[in-house]
Amino acid sequence: MDRDECYRWGDLFTSDWASLVSGMSERADAMGLLQADRNGSLVWSRDEIEECRWVFVEDPSEVERIRAIYGDNENVESPCCFVVAKQPDPSDTRGDVIFDIFRLSPQSYLWHFNRVYTRPSQKGIEE
């Protein structure tokens, strides 16, 4: 994923819920998938069969929230569950707001899939 694509994902993840749902739906549509909002998780499916789901974590220090993701059988049994966590990381200067994306699947429940971010607000930082 190139930097501009990281910025697009970061901008999408920092938007309000309605804009996030709309933007994610556009991405699902581009892949021929339908999106459903199920209790704050976005589920993408094809022919009524779940392909993947997206779960969003605002504060990764909330241990109970993290446990709840793994405690939810729908997340664990999904063919692919992406967990997007807003991540405080002052060492990463590529962007102002950092998001780590983890992928849960039957093959691995601890896979760090990607990192995206918003554009840095200060000139000269990682441009």
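Structure's up top.
Procedures and definitions
- Residues numbered from 1 in each chain as written.
- Predicted model: local features only at pLDDT ≥ 70, side-chain atom pairs only at ≥ 80, totals over all residues.
- Heavy atoms only, no water.
- Core = buried A, V, L, I, M, F, W, Y, C linked by side-chain atoms within 4.5 Å.
- Buried < 20%, exposed > 50% of the residue type's maximum accessible area, 1.4 Å probe, protein only.
- Helix = DSSP H or I, 4+ residues; strand = E, 2+ residues; numbered from the N terminus.
- Contact = heavy atoms within 4.5 Å.
- Disulfide = S-S within 2.5 Å.

Quick look at the nonpolar core
Line of reasoning, step 1. Of all hydrophobic cores here, the largest spans 22 residues; its most connected members are F13, M24, W54 and F56.
Line of reasoning, step 2. Taken together, the elements giving at least two residues each to this core come down to α1 (3–14), α2 (17–30), β2 (41–46), β3 (49–57), β4 (81–86), β5 (98–105) and β6 (108–117).
Line of reasoning, step 3. Broken down by element, this core gets its largest block of residues, five residues, from α1.
Line of reasoning, step 4. Ignoring anything within four residues of it in the chain, the contact list for F13 reads L20, M24, W54, F56, V84, F99, I101 and V116.
Line of reasoning, step 5. Counting residues in hydrophobic clusters, the runner-up holds seven residues, among them C81, V83, A85 and L104.

Points about the state of the cysteines
Line of reasoning, step 1. One pass over the full model with this rule turns up zero disulfides.
Line of reasoning, step 2. Between C6, a free cysteine, and C80, which holds the nearest cysteine sulfur, the sulfur-to-sulfur gap is 17 Å.
Line of reasoning, step 3. We classify C6 as buried; its relative accessible area is 3%.
Line of reasoning, step 4. You can see C52 has no disulfide; the closest cysteine sulfur is in C80, sitting 5.4 Å from it.
Line of reasoning, step 5. Residue classification places C52 among the buried residues on the basis of a relative accessible area of 7%.

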